[in-house]
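Chain by chain, the residues run as shown.
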Amino acid sequence: MPAEIAPPMTAPLLDVRDLCVSFPSRGRMIPIVEHVSFTLGERDILGLVGESGSGKSVTAMALMGLIDSPGVQITGSALFRGQELVGMPQKQLRRLRGREIAMIFQDPMTAFTPVYTIGWQIDEQIRAHERLSRKQARARTVELLAEMGVPDPARTADRYPHQLSGGLRQRAMIAMALSCNPSLLIADEPTTALDVTVQAQILDLIRSLRSTYGSSVLLITHDMGVVAETCDTTLVLYSGRVAETGPTEVLFAHPGHPYTAALLASIPPLDGPRPHRLPAIAGAPPAPLERPAGCAFAPRCTYVHDTCLPAPPPPLVPTGYDPLAAPQDDATAQVSAAAPSTQPVQFAACVLPAEGTPLPPRLTYSELSAGDEADATGFPPSSFAAGEPH
Amino acid sequence: MTTSATFSATSAPSSASARPLLEVRDVRKTYHLPRGQTLKAVDGISLSVMPGEVLGLVGESGCGKSTLGRCLLRLTDVSSGQILFEGQDITHLSERALRPVRQRMQMVFQDSYASLNPRRRIGDLLAEPLKVHPGPDGRKRSRATIAARLHELMDLVSLPAAALDRYAHEFSGGQRQRINIARALALSPRLVVADEPVSALDVSVQAQIVNLFADLQARLGLTYVFVAHDLAVVRQISTRVAVMYLGAVVELGETDAVLHRPAHPYSAALTAAVPRPVVGAIRAAPLGGDIPSPVARPAGCRFHTRCPFVQGRCRAEEPALRRIGPSHSVACHFPLAEG
């Protein structure tokens, strides 16, 4: 299945192939992440999106070499600028982490130690990787904090984490992550703990990093709104497997996997008409050991039929969406400009495209306003049932 | 209101439908902190909730929406002001006098796991309120009545009856929230205050629970106060919305009027800041700065430090919540919209 994803023209910054992570429990291995493959180009923002338990954080932790659970099995390959991250010795990893690959976490309160000032902690990170005096390091810290939009950066540097608001702490954390100019920033739910007006500020900041710092960002989130607003490419994970991947504008306009379509449909809209009922997805994602042999989404899928059920799970195949064939609006026109060949850009782990019955495009808000409420969701009516209790 | 016989036991006479079910008059909740500081978590709020309506309380963390929600049910005592439920002043009722009232007002919390005792079976947890409170005839409920009610409740929230014999950890987050809802409904309340009931759930499960809240409301004629930070969820369920900022209601009105034609600059900024799951949606420049600490609330208009339209008067004079339309009020000297 990875071979089907066309190789890009230049070597990507990060090339993950067939990454699998399993944890031992009661004498058996539990597959948490199965065969995840993706590439991240220079200055790209890739969104890794999924619900809790979909394996998005475990994927990031595996890339960073931060999983040290006894007996854990990590297979596959993750090439960062040609260096293999999977199985890299800790000593070598330590030189990479912080300097080349940095990470920001959801909870900036627990990611900082409470007993040192913010400035001390950022200084330390800089001095761990670069030969700078304390004074030079602090000057750099203050400069970084200022660039992150922290008001009065010199005074803020002398404050302890608990003295800062959530938004300021997250800015300080991003400053620390960027202190050594990493080429890859992994952001694990960076705005989930923040209020919505502050989230908007931090997302703007993250988007600006590629021009000011030349960083690529791997953004992990459960919020489809955050992905739509921030990411160039989107990878949808479901129950430890890749459900769908493609350019964000294509994926949101033409979801190729029924899970992506259903997930988007189940978000209550803030604009346009208010649906009488939300098209909820019945049930809940399966636990790793209860994953079906075939498609993991099959038990909850409205399109489920015989070919979905037998093992192995359907491979990632091109969805058949051709940006050149259907340039309808500005968003898709941009895609066709970016990919002038008819090379497929969107892939879904679903049997529907191969069977010649791809999903219909998702309706936009303006189209929603035009139609009546019953049709307003762009999803088959059978999914309107309250759903099995879960 | 299509209320079945089982659930009509506590419903009030129809004349009450013209009067608010819940009235809040200038309620304040002040916490006294060390060094003489005071935190005004709820700073003079007045509003009323009509029977059968859903009032959404929205705002960012620290705006006092949860504190207000708890004050409504007397889970937190107010510092001053009045709370009237079914016309009765419950602000200073003793715990004992409050007990019969409590049957008709219930709460659903955010953390579905922490709300359920992990060492007791679901059936026991749900039976507890039915054992504590007397039945509609004023007598203790019989074992058979309770058992029948438990099955009704499971049916109401679409869980199998077998769930009654299991423990909280055996359920997923969405199922646990169904159990919490079932427990809140055990005594057929008229008012349910739900504090962030879906924010800990995954999107795909969240939609199920939002639908369940809507179904139950229609089926049982319930009244909700729905506290949440997620504007989209609040919009889906609410008849009216109250936008809170630093302990006060800054705008109150019909849901879509507040969200689509906001009169307060804060409501406008809040709505604009929500990332839409649509590519190409253009978002306005975000609001600058952070929410000020509720301990050091700005003088004048509480929003003036972040308001893009701030003027001299805003720094000096606090705007009162005033009516700009038949059911639309705003606390702003220079509202963005009228009515």
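Look above for the structure.
Quick notes on the rules
Residues numbered from 1 in each chain as written. Chains lettered and ligands numbered in written order. Predicted model: local features only at pLDDT ≥ 70, side-chain atom pairs only at ≥ 80, totals over all residues. Heavy atoms only, no water. Helix = DSSP H or I, 4+ residues; strand = E, 2+ residues; numbered from the N terminus. Buried < 20%, exposed > 50% of the residue type's maximum accessible area, 1.4 Å probe, protein only. Contact = heavy atoms within 4.5 Å. Areas by Shrake-Rupley, 256 points an atom, 1.4 Å probe, with all protein chains shown as cover. Buried area = accessible area lost by both parts, 1.4 Å probe. Salt bridge = Lys/Arg side-chain N within 4 Å of Asp/Glu carboxyl O. Nonpolar A, V, L, I, M, F, W, Y, C, P; charged D, E, K, R; others polar. Phe/Tyr/Trp six-rings, centres within 6.5 Å; stacked < 30°, edge-to-face > 60°. Lys NZ or Arg CZ within 6 Å of the ring centre and 35° of its normal. Core = buried A, V, L, I, M, F, W, Y, C linked by side-chain atoms within 4.5 Å. Domains from an automatic or database assignment. Pairing = 2+ DSSP bridges. Axes fitted to C-alpha atoms, helices over the stretch in contact; angles between N-to-C directions.

Please clarify how the overall build of chain A should be interpreted in this entry.
When its secondary structure is counted, chain A shows 13 helices and twelve strands. Counting all 390 residues of chain A, 53% fall into the buried class. Once local pairs closer than 6 in sequence are excluded, the contacts in chain A between residues at least 24 apart make up 68%. Surface summary for chain A: the accessible area is close to 16400 Å², and the carbon and sulfur share equals 55%.

Honestly, the interface of chain B and chain A in this entry has me stumped. Any pointers?
When the parts of a complex come together, some accessible area is lost, and that lost area is often used as the size of the interface. Tallying the contact residues gives 47 residues for chain B and 50 residues for chain A. Where chain B abuts chain A, roughly 4000 Å² becomes buried across the two surfaces, and 53% of that area is made up of carbon and sulfur atoms. Counting the contacts that link chain B with chain A gives two salt bridges. A salt bridge links Asp215 of chain B to Arg277 of chain A, with the shortest nitrogen-to-oxygen separation between them at 2.5 Å. For the side of chain B that touches chain A, the secondary-structure elements that each account for two or more residues are α5 (173-185), α6 (203-220), α7 (231-237), α8 (255-260) and α9 (265-273) of chain B. When the residues that make up the side of chain B that touches chain A are grouped by side-chain class, the tally is 22 nonpolar, 16 polar and nine charged.

Looking at this structure, how should I read the packing of aromatic side chains?
Any pair of aromatic rings gets described here by the distance separating the centres and the angle formed by the planes. For the structure on display, the rule yields nine aromatic pairs over all chains. On the basis of an interplanar angle of 50° and a centroid distance of 4.4 Å, the ring pair of Tyr238 of chain A and Tyr259 of chain A is categorised as tilted. Linking Tyr238 of chain A in strand β9 (residues 233-238) with Tyr259 of chain A in helix α11 (residues 258-265), this pair joins segments that are 21 residues apart in sequence. Take Tyr238 of chain A: its relative accessible area is 4%, and that puts it in the buried class. Since its relative accessible area comes to 0%, Tyr259 of chain A is described here as buried. Seen from their ring centres, Tyr238 of chain A and Phe297 of chain A are 5.2 Å apart, and the 85° between their planes marks the pair as edge-to-face. Of this pair, Tyr238 of chain A sits in strand β9 while Phe297 of chain A sits in the loop between α11 and β11 (317-318); the two residues are 59 residues apart in sequence, bridging distant segments of the chain. Taking the ring centre of Phe171 of chain B as reference, the NZ or CZ of Arg166 of chain B above it sits at 5.4 Å.

Even after reading the chapter, I still don't get the nonpolar core, so can you show me in this structure?
Here is a general trend for soluble globular proteins: nonpolar side chains tend to be buried in one another's company. Of all hydrophobic cores here, the largest spans 70 residues; its most connected members are Leu126, Ile181, Leu185, Phe213, Leu216 and Phe226 of chain B. Sort the elements by how many residues they give to this core and α6 of chain B lands first, with eight residues. Composition of this core by domain shows at least three residues from each of domain 1 (5-238) and domain 2 (243-275 + 284-339) of chain B. Formed by 59 residues, the second largest nonpolar core is a distinct cluster that contains Ile126, Val217, Ala262 and Leu263 of chain A.

When you look at the pairing of strand β9 (residues 240-245) of chain B in this model, what are you seeing that I'm missing?
Two faces, one strand: in a regular strand the side chains alternate between the faces of the sheet. Residue and element names in this part refer to chain B. Here β9 lies mainly inside the structure; six of its six residues are buried. Bridge analysis of β9 against strand β10 (residues 248-254) gives six bridges, and the strand direction is antiparallel. Across the sheet, residue Ala242 finds its bridge partner in β10, namely Leu252.

Can you help me understand the pattern of salt bridges in this one?
Between side chains of opposite charge, pairing is possible as soon as their charged atoms come close. For the structure on display, the rule yields 34 salt bridges over all chains. Across the salt bridge formed by Asp123 of chain A and Arg138 of chain A, the nearest N and O atoms sit 3.0 Å from each other. With Asp123 of chain A in helix α4 (residues 118-129) and Arg138 of chain A in helix α5 (residues 134-147), this pair connects stretches of sequence that are 15 residues apart. Asp123 of chain A sits in the buried class, given a relative accessible area of 11%. Here Glu53 of chain B makes a salt bridge to Arg240 of chain B, at a shortest N to O gap of 2.7 Å.

I'm lost on the sheet that holds strand β8 (residues 216-221) of chain A in this one. Help?
Two pairing modes exist for strands in a sheet, parallel and antiparallel, and in both the strands are linked by backbone hydrogen bonds. All names here are of chain A. Strand order in the open sheet formed by eight strands is β6-β7-β8-β3-β9-β10-β12-β11, with mixed pairing between adjacent strands. In this open sheet, the two strands that pair with only one neighbour each are β6 (101-104) and β11. Here strand β3 (residues 45-49) pairs with β8 via five bridges, running parallel. The partner of Gly47 across the bridge, within β8, is Leu219. The sheet contacts of helix α1 (residues 56-63) involve β3, β6, β7 (184-188), β8 and β9, and relative to β8 the element is tilted by about 145°. On top of the sheet, helix α7 (residues 166-178) reaches β6 and β7; it is set at about 170° to β6, its chief contact.

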